[in-house]
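Close look at the chain arrangement
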Amino acid sequence: MANEKTTCQICEKEVDSTTINTCHGCGKKYCAACQSESTDQKYCNECVGLSGVVTHKHSSS
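Everything numeric in this text was worked out from a predicted model, so none of it was measured.

Now for the confidence of the model for the protein. Residues of the protein with pLDDT of at least 70 account for 79%, and the chain-wide mean is 81. Looking over the protein, one finds the lowest element-wise mean pLDDT in helix H1 (residues 45–51), namely 80, and the highest in strand S4 (residues 29–30), namely 96. Within the model, the stretch residues 55–61 combines pLDDT values under 50 with three contacts to residues more than four positions away or in other chains.

Okay, structure coming up:
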């Protein structure tokens, strides 16, 4: 059984379809290389770069 390939919607490279995730921010399908390293949540590099998506602690002011 051959591995199915799909295209990452961020970097546009063809990758194994089992390595694709869906971004919680924009809904694009992205590969492991386009996973944001600044958060352990499922956000692509584009969303983190544009929105600053990170795990925030609520500050008490």
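Continuing now.
To continue, consider the nonpolar core. Cys8, Ile10, Val15, Ile20, Cys23, Tyr30, Cys31, Cys34, Tyr43, Cys44, Cys47 and Val48 form the largest nonpolar core, which has twelve residues in total. With sequence-adjacent residues up to four places away left out, cysteine 44 is seen in contact with Ile10, Cys23, Cys26, Tyr30, Cys34 and Ser36.

Attention shifts here to the environment of cysteine 44. With respect to the helices, strands and loops of the structure, cysteine 44 is situated in the loop between S4 and H1. On the basis of relative accessible area, cysteine 44 is assigned to the buried category, the value being 0%. Distance from cysteine 44 to asparagine 21, taken between C-alpha atoms, is 8.9 Å for residues 23 residues apart in sequence.

What follows is about the environment of alanine 33. On the secondary structure map, alanine 33 appears in the loop between S4 and H1. Between the C-alpha atoms of alanine 33 and cysteine 44, which are eleven residues apart in sequence, the distance is 9.2 Å.

On to the side chain of aspartate 16. With respect to the helices, strands and loops of the structure, aspartate 16 is situated in strand S2 (residues 14–16). For the buried residue aspartate 16, which engages in no salt bridge, the nearest side chain bearing the opposite charge is lysine 5, 5.7 Å off. In contact with aspartate 16, not counting residues within four places along its chain, are Asn3, Glu4 and Lys5.

What counts, and where the lines are drawn
Residues numbered from 1 in each chain as written. Predicted model: local features only at pLDDT ≥ 70, side-chain atom pairs only at ≥ 80, totals over all residues. Heavy atoms only, no water. pLDDT = per-residue confidence, 0-100. Helix = DSSP H or I, 4+ residues; strand = E, 2+ residues; numbered from the N terminus. Contact = heavy atoms within 4.5 Å. Core = buried A, V, L, I, M, F, W, Y, C linked by side-chain atoms within 4.5 Å. Buried < 20%, exposed > 50% of the residue type's maximum accessible area, 1.4 Å probe, protein only. Lys, Arg positive; Asp, Glu negative; His and termini not counted. Salt bridge = Lys/Arg side-chain N within 4 Å of Asp/Glu carboxyl O.

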